[in-house]
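# Per-entry structural report
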Amino acid sequence: MNGSLYGIGDFAELTRLSIKALRHYDEHGLLAPAHVDPVTSYRRYSPDQIARATLIGDLRRMDVPLAVVARILDASPEDGLVIYQEWWVREERRHSGRRGIGRYVTARLRREGQPPMKIDTRTVPRRKLAVIGKELFQPELEQFIMSGFHELFGWAERNPGLRDLTTTPEWPTYVVFHGPVTPDHSAYVEVCIVIDGPAEPEGGIALKVEEEHEEAYTDVTRTGLEFPDILAAYDAVAMWVTQHGTPHPTMASREVYVADVIQAAMDDVVASVAFPYVASDGGR
């Protein structure tokens, strides 16, 4: 130690950080040395930097990204706590999803299979849809679906007579997936409500028509709608389609809601996972 300053080796030992890590945090503007010798470039740290250094180390041991660490350090203690807690809640949800899909993958690798699912088919009539679409990643999905339905039903309420303002088998709502949505892969997703009657698009709401088509589907309860349980439904319907026909060339897989999910009991059927398809000869 020189005066009241610690050399980088001593400081590393006191803070349980490596010399490499201290240099890395300096490069990213998180922990600059109190003094750098202009000739030797030797770094020295002050005692009042120990608390900041150990906090950075603890946050990084939890894999808090450097950008989030910087926000926490730059904020007041109260705001820093809020930033950390918000990050932690997101991580808890992400890890919960990973644990669930981990169990699902483990079961598949063990060839345990899934409980048998009843696959049905139906002819869906020509329908007019009001649609809000967006290219997004999985972390954005839930909020997009909720806000999309809120906007669509608000629009329907401002245009009386287009549909019932509840979700029922007669007046379903859709979430259409035009590709896999994961934390690393985005895809275009549409939130849709069925309407009947003349209407005008508004803001981000577009109108389109889906022609009559065949769908293979399986019903899903509120419990079965949870991730990753819903993956089993998608896998089951997709497998059925490969055995009895081909996916529809212009229509994507979707979740067709027939009840208010929030109000439903956990064992109530609230939706179906559906694949529009073209049947092979004798495929229905």
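Provided above is the structure to which this section pertains.
Residues numbered from 1 in each chain as written. Predicted model: local features only at pLDDT ≥ 70, side-chain atom pairs only at ≥ 80, totals over all residues. Heavy atoms only, no water.

## Concerning the overall build of the protein chain
Basically, it comes down to this: Only DSSP runs of H or I covering at least 4 residues are called helices, and only runs of E covering at least 2 are called strands; the numbering of each starts at the N terminus. Only C-alpha atoms enter the radius of gyration, while the globule expectation follows 2.2 Å times N to the 0.38, with N the number of residues. Here the term buried applies to any residue with accessible area under 20% of the maximum for its type, exposed to any over 50%, and partly exposed to those in between, with areas from a 1.4 Å probe on protein chains only. We call two residues in contact whenever any of their non-hydrogen atoms come within 4.5 Å of each other. We get accessible surface area from the Shrake-Rupley algorithm with a probe of 1.4 Å; when it comes to residues, only the shown protein chains can shield them. His residues and chain termini do not enter the charge count, which takes Lys and Arg as positive and Asp and Glu as negative. Charge positions are represented by NZ for Lys, CZ for Arg, CG for Asp and CD for Glu.
Along the backbone of the protein chain there are seven helices and twelve strands. Since a compact globule built from 284 residues should have a radius of gyration of about 19 Å, the 27 Å found for the protein chain marks it as more spread out than a globular shape. Structurally, the protein chain occupies a C-alpha span of about 85 × 50 × 35 Å along its principal axes. A total of 284 residues make up the protein chain; the buried ones form 39% of that total. Nonlocal contacts in the protein chain, meaning residues at least 24 apart in sequence, comprise 69% of its contacts between residues at least 6 apart. Just so you have it, the protein chain exposes about 16500 Å², and 53% of that area is on carbon and sulfur atoms. The averaged location of the 42 negative side-chain charges in the protein chain is 6 Å from the averaged location of its 30 positive side-chain charges.

## Section: helix H1 (residues 8-15)
For clarity, the threshold we go by: The arc in question is the one traced by the directions running from the helix axis out to the C-beta atoms.
Buried within H1 are the following residues: Ile8, Phe11, Ala12 and Thr15. Along the axis of H1, the buried residues cluster in a sector spanning 105 degrees; they form a single face. In this structure, the buried residues of H1 make contact with strand S1 (6-7), helix H2 (19-27), strand S3 (43-45) and helix H3 (50-61). Among the residues trailing H1, Arg16 stands out with phi positive, at a value near 60 degrees.

## Here's the deal with the packing of aromatic side chains
Selection rule: Here a Phe, Tyr or Trp ring, Trp counted by its six-membered ring, pairs with any other such ring whose centre lies within 6.5 Å, and the pair is stacked when the planes are under 30 degrees apart, edge-to-face when over 60, and tilted otherwise. Ring-over charges, as used throughout, are those where CZ of Arg or NZ of Lys falls within 6 Å of the ring centre and within 35 degrees of the ring normal.
Enumeration over the complete set of coordinates arrives at six aromatic pairs. When the centroid spacing of 6.0 Å and the interplanar angle of 40 degrees are considered together, the rings of Trp87 and Trp88 count as tilted. Relative to Tyr277, the ring of Trp240 has its centre 5.4 Å away and its plane inclined at 90 degrees; by these criteria the two rings are edge-to-face. Of the two residues, Trp240 is situated in helix H7 (residues 229-244) and Tyr277 in strand S12 (residues 269-279); the sequence distance between them amounts to 37 residues. The pair Trp240 / Tyr277 is uniform in exposure class, with both members buried. Aromatic rings pair up to connect Tyr84, Trp87 and Trp88 into one cluster. Lying across the ring of Tyr217, Arg122 places its NZ or CZ 3.8 Å from the centre. Positioned above the aromatic ring of Tyr174 is the side chain of Arg254, whose terminal nitrogen or guanidinium carbon lies 5.5 Å from the ring centre.

## Looking at the environment of Ile145
Locating Ile145 in the fold gives a position in helix H6 (residues 138-158). By relative accessible area, which is 16% here, Ile145 ends up buried. The sequence separation of Ile145 and Ala130 amounts to 15 residues, and the corresponding C-alpha distance is 14 Å.

## Quick look at the pattern of salt bridges
One side chain can pair with another of opposite charge once the charged atoms of both are near each other. The following threshold applies: What makes a salt bridge here is a side-chain nitrogen of Lys or Arg within 4 Å of a carboxyl oxygen of Asp or Glu, nothing more.
On inspection of all chains with the given rule, the structure shows ten salt bridges. We note a salt bridge from Asp58 to Arg61, for which the minimum N-O separation is 3.0 Å. Within this pair, Asp58 and its partner Arg61 are both found in helix H3, separated by three residues, close to a single helical turn. You can call Asp58 partly exposed: its relative accessible area is 35%. Overall, Arg61 belongs to the partly exposed group, its relative accessible area being 46%. Across the salt bridge formed by Lys208 and Glu190, the nearest N and O atoms sit 3.0 Å from each other. Taken together, the positions of Lys208 in strand S8 (residues 206-210) and Glu190 in strand S7 (residues 187-195) put the pair 18 residues apart, joining distant regions of the chain. When its relative accessible area of 27% is taken as the criterion, Lys208 is described as partly exposed.

## Here's the deal with the layout of surface pockets
The line we're drawing: Using a grid of 1 Å spacing that covers the protein atoms alone, one calls a set of points a cavity when a 1.4 Å probe fits there but cannot get out, and a pocket when the set is open and has protein on both sides within 12 Å along at least five of seven lines; lining residues are those with an atom within 4 Å of a point. Grid points are joined across faces, edges and corners, and a volume is the space filled by probe spheres set on the points. Gly falls in the polar group here, along with every residue not listed as nonpolar (Ala, Val, Leu, Ile, Met, Phe, Trp, Tyr, Cys, Pro) or charged (Asp, Glu, Lys, Arg).
The computed volume of the largest pocket comes to approximately 2100 Å³. Considering the residues around the largest pocket, the lining is formed by 42 residues, among which Arg93, Leu141, Glu142, Ile145 and Phe227 are closest to the centre. Here the residues of the lining of the largest pocket sort into 21 nonpolar, ten polar and eleven charged.

## Here's the deal with the environment of Ile19
Note that Ile19 resides in helix H2. By relative accessible area, Ile19 is classed as partly exposed at 34%. Once you skip the residues sitting within four places of it in the chain, Ile19 turns out to touch Ile8, Gly9 and Ala12.

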